2 protein chains.
Amino acid sequence: MVTIYDIAKNAKVSPMTVSRVINNSGNIRLTTREKVEKAIKELGYVPNSAARSLISKRTKTLGLILSDISNPFFSKVARGAEDKAVEMGYSVFMTNTDEDFEKEKNYINRMLSSRVDGVILSPTNNNSIKHIQKLNQHNIPVVLFDRTIDGFVGDHVLGDSYKGSRDLVKHLIDIGHEKIALVNGPHHLSTSRERQRAYVETLKLNDLSIHEHYISELDFRSVQSEDAHQILMKLMSLDKKKQPTAIFAANNFIAISIIRSLREMNINVPEDVSIVCFDEIEHVHFDPFFTVASQPALEIGRISAQYLIERLENDNLDEERIVILPPEIHIRKSSKPLIDKE
Amino acid sequence: MVTIYDIAKNAKVSPMTVSRVINNSGNIRLTTREKVEKAIKELGYVPNSAARSLISKRTKTLGLILSDISNPFFSKVARGAEDKAVEMGYSVFMTNTDEDFEKEKNYINRMLSSRVDGVILSPTNNNSIKHIQKLNQHNIPVVLFDRTIDGFVGDHVLGDSYKGSRDLVKHLIDIGHEKIALVNGPHHLSTSRERQRAYVETLKLNDLSIHEHYISELDFRSVQSEDAHQILMKLMSLDKKKQPTAIFAANNFIAISIIRSLREMNINVPEDVSIVCFDEIEHVHFDPFFTVASQPALEIGRISAQYLIERLENDNLDEERIVILPPEIHIRKSSKPLIDKE
DNA sequence: TAATTTTGTGTTACCGATAACAGAAAGCGT
DNA sequence: ACGCTTTCTGTTATCGGTAACACAAAATTA
């Protein structure tokens, strides 16, 4: 491996001079600079960042810990974060927890070991605070995105789950639905709790009742699951007075598993049941189908990276900055006005 | 930052002993081991991998350079590669070139600087060989996936573009289509060339003619583009004798842009035109729509990582190993038997 | 019990870069 | 030509680990 010493020997200068040429620091005579640059090109020298970061204590690397890379929402966040990071001179270590706390723990240790300068995280649950504290003990700042957790102090970049959910439920009510069920994500995630809060409040505000079984829970990653089927069976076998005519799915993958289960039961969307959900579902058809609250995923990623890097390069920042980005409601074909069948 | 020296002082041993405990190397008396482990826990020590790799010359890190992370095909490859790498004790640096040669160059330099042990790459074009040579000069092995390029010697993990394409085109012919157009990806990619070769040969073998304008080219990433529209306009305004009744799209995103353009022209799929394509299109609808050649993306990622790591940990491997994984043909609703309208 | 092996621990040097200091060379004023 | 800046370059020590060697203590063998 070519080192700064090889360059030094080749150009007949000291290693320090080579270092200075590389970093444009100090004063170098033009002729020496040229000698050194020639040697660098000839020998194909590339600085060793391990050696650099050993002395500089900075790696110019960010850790990005996603909960589900196969969900387009998260892969877009990743893309946004990487773009912005590179733009600002940083690299990104990207990892995937699959919503698994143990995996998260593991990756946090990896991040510590590789001495990333900061971490962008969508935590798996409230216990993740332990991981964050561990990072903070090592002076590694953390930006949370998508979700927040109890006790965290620092930058957040979130979507407005509350507002998006209110708008979705309101839309259902506006088009005549009164029996609306919620298939939520896991209650240990702040997004789920916010979405449920909005759902409950919106129904109450409109004097609509929440029947038993109307609120149920699924994993955010369950595209196809037995659990979904169970939930739908229960919902659709309620007696006519209670049987929901619309369902609010807490995220895109849950919506997909719902629509699949309904299909198996020969129930049509939107003819028999309307569905709305959080997060975009990639629509590749001629005409997009799902009524959704679409979050600005790329932007969430970009801002997360930017905030993190700003914090790294600037000590005198506020204790915490919270950005809450509103989702866009797209009304499409999965929701349709209720026509009274009686 | 806590170092091995702090642990040494705390446990009243030498740094070397601490190192031995951490790495389970050499013989350590049980009592000392316990002292050291206690100190490690108390001080929250995490080894500095920069320091480690400086001396060991290995980073236990792989570089993964994708051409389009927002394409589910590639994000699945990424997932597969990361899973396997972690399983084998490596981390992954993931980056995204957007099919841009300059970005690729940039990322290769980053990889060199961060001293990844090996690189998994889907090259942007034949000139990428320069980048690969640069890596090889630094003794960094490269595994190509999805695409191959001229002059590359080393491991490849590819999908069988030729076979998949033949099967798709054959399917169209079997259900009565005779006028079949190809909207290909860029000709500088091996996958495009293979898919075109299969298309041409299959038509010839069945005595079908390839009219002028039947073969055209789009970017693999163009989900929605003016170019697509232009191409479709040209195709659909051919005179009745030549107007294609079926289109073979070289990848998923091209298929999407085609179907969108057709929609704008009020042409229905599959009633008026059948479409088949390479790569899965995430079907979230009750019933999947596209007839596709689906590649085992996860497997491509996993094998790429495995081959690379094997090569890193094993000198006496063959010069090159080429895996070609067959795609699965899924016949769905976007292709339908031709009914003669005359 | 002395000789030999095994076990357990420490010392020194080094990986590749750079900060801090030192000192040589060149420029400048009188 | 002399001293005094300014510009340029080199030396030394260090970042946090570990390999290589050295050596004392304990265990084993003769």
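Cut-offs and rules
Residues numbered from 1 in each chain as written. Chains lettered and ligands numbered in written order. Predicted model: local features only at pLDDT ≥ 70, side-chain atom pairs only at ≥ 80, totals over all residues. Heavy atoms only, no water. Near = heavy atom within 4 Å. Polar contact = N/O pair within 3.5 Å; in protein donor to acceptor, adjacent residues only side chain to side chain. Helix = DSSP H or I, 4+ residues; strand = E, 2+ residues; numbered from the N terminus. Nonpolar A, V, L, I, M, F, W, Y, C, P; charged D, E, K, R; others polar. Axes fitted to C-alpha atoms, helices over the stretch in contact; angles between N-to-C directions. Parallel < 35°, antiparallel > 145°, perpendicular 65-115°, else oblique. Contact = heavy atoms within 4.5 Å. Pairing = 2+ DSSP bridges. Buried area = accessible area lost by both parts, 1.4 Å probe. Salt bridge = Lys/Arg side-chain N within 4 Å of Asp/Glu carboxyl O.

1. What about the protein's contact with DNA strand C?
Stage number 1. In the neighbourhood of DNA strand C, 25 residues make up the surrounding shell, with Ile4(A), Ser19(A), Tyr45(A), Thr17(B) and Arg20(B) lying closest.
Stage number 2. Atoms of DNA strand C within 4 Å of the protein belong to the sugar or the phosphate in 65% of instances, the rest to bases.
Stage number 3. In this structure, Ser19(A) approaches DNA strand C through a side-chain N or O atom, which is 2.5 Å from a phosphate oxygen.
Stage number 4. Ser14(B) is positioned such that a nitrogen or oxygen atom in its backbone is 2.7 Å from a phosphate oxygen of DNA strand C.
Stage number 5. Of all the elements in the fold, those that place two or more residues in the surface near DNA strand C are helix H1 (4-11), helix H2 (15-23) and helix H4 (49-56) of chain A together with helix H2 (15-23) and helix H4 (49-56) of chain B.
Stage number 6. Per-element tally for the surface near DNA strand C: the top contributor is H4(A), with 4 residues.
Stage number 7. In terms of residue class, the surface near DNA strand C is built from 13 nonpolar, 8 polar and 4 charged.

2. Brief notes about the packing of H2(A) against helix H3 (residues 30-43) of chain A
Residues and elements named next belong to chain A.
Stage number 1. Contact geometry of H2 with H3 gives a least axis separation of 10 Å together with a crossing angle of 85°. With respect to H3, the axis of H2 lies roughly perpendicular. Contacts from Val18, Arg20, Val21 and Ile22 in H2 reach Arg33, Val36, Glu37 and Ile40 in H3.
Stage number 2. Tallied by class, the residues present in the contact of H2 with H3 amount to 5 nonpolar, no polar and 3 charged.

3. Brief notes about the sheet that holds strand E12 (residues 328-330) of chain B
All names here are of chain B.
Stage number 1. If you walk across this open sheet you meet the 6 strands as E7-E6-E8-E9-E10-E12, and the pairing is mixed. Each of the sheet's edge strands pairs with one partner strand only, and the pair in question is strand E7 (215-217) and E12. Shown here is a sheet whose adjacent strand axes are inclined to one another by a mean of 15°, direction ignored.
Stage number 2. Here strand E6 (residues 180-184) pairs with E7 via 3 bridges, running parallel. Its bridge partner lying in E7, valine 183 is registered against serine 216.
Stage number 3. Contacts between helix H11 (residues 252-264) and the sheet are confined to E6, strand E8 (246-249) and strand E9 (274-278), with E9 contributing the most and set at about 160° to the helix.

4. Notes on the interface of chain A and chain B
Stage number 1. Each side of the interface is counted separately: chain A has 49 residues, and chain B has 48 residues.
Stage number 2. For the pair chain A and chain B, the two sides together bury roughly 4,600 Å², of which 55% comes from carbon and sulfur.
Stage number 3. Across the contact surface, chain A and chain B share 4 salt bridges.
Stage number 4. In this structure, Arg79(B) engages Asp98(A) in a salt bridge whose closest nitrogen and oxygen atoms are separated by 2.4 Å.
Stage number 5. On the surface where chain A and chain B come into contact, there are 24 residue pairs in polar contact (both at pLDDT 80 or more).
Stage number 6. For the side of chain A that touches chain B, the secondary structure elements donating two or more residues are H4, helix H5 (72-87), strand E2 (91-96), helix H6 (101-113) and helix H11 (252-264) of chain A.
Stage number 7. Per element, the largest residue contribution to the side of chain A that touches chain B is 6 residues, and it comes from E2(A).
Stage number 8. Of the residues in the side of chain A that touches chain B, the class split is 23 nonpolar, 16 polar and 10 charged.

5. A closer look at the protein's contact with DNA strand D
Stage number 1. DNA strand D sits among 26 residues. The nearest are Thr17(A), Arg20(A), Thr32(A), Lys57(A) and Ser19(B).
Stage number 2. Within the side chain of Lys57(A), one N or O atom sits 2.7 Å away from a sugar or linking oxygen of DNA strand D.
Stage number 3. Separating a phosphate oxygen of DNA strand D from a side-chain N or O atom of Ser19(B) is a distance of 2.5 Å.
Stage number 4. Contributions of two or more residues to the surface near DNA strand D are made by H2 and H4 of chain A together with helix H1 (4-11), H2 and H4 of chain B.
Stage number 5. Tallying contributions element by element places H4(B) first for the surface near DNA strand D, with 4 residues.
Stage number 6. Here the surface near DNA strand D is built from residues that sort into 14 nonpolar, 8 polar and 4 charged.

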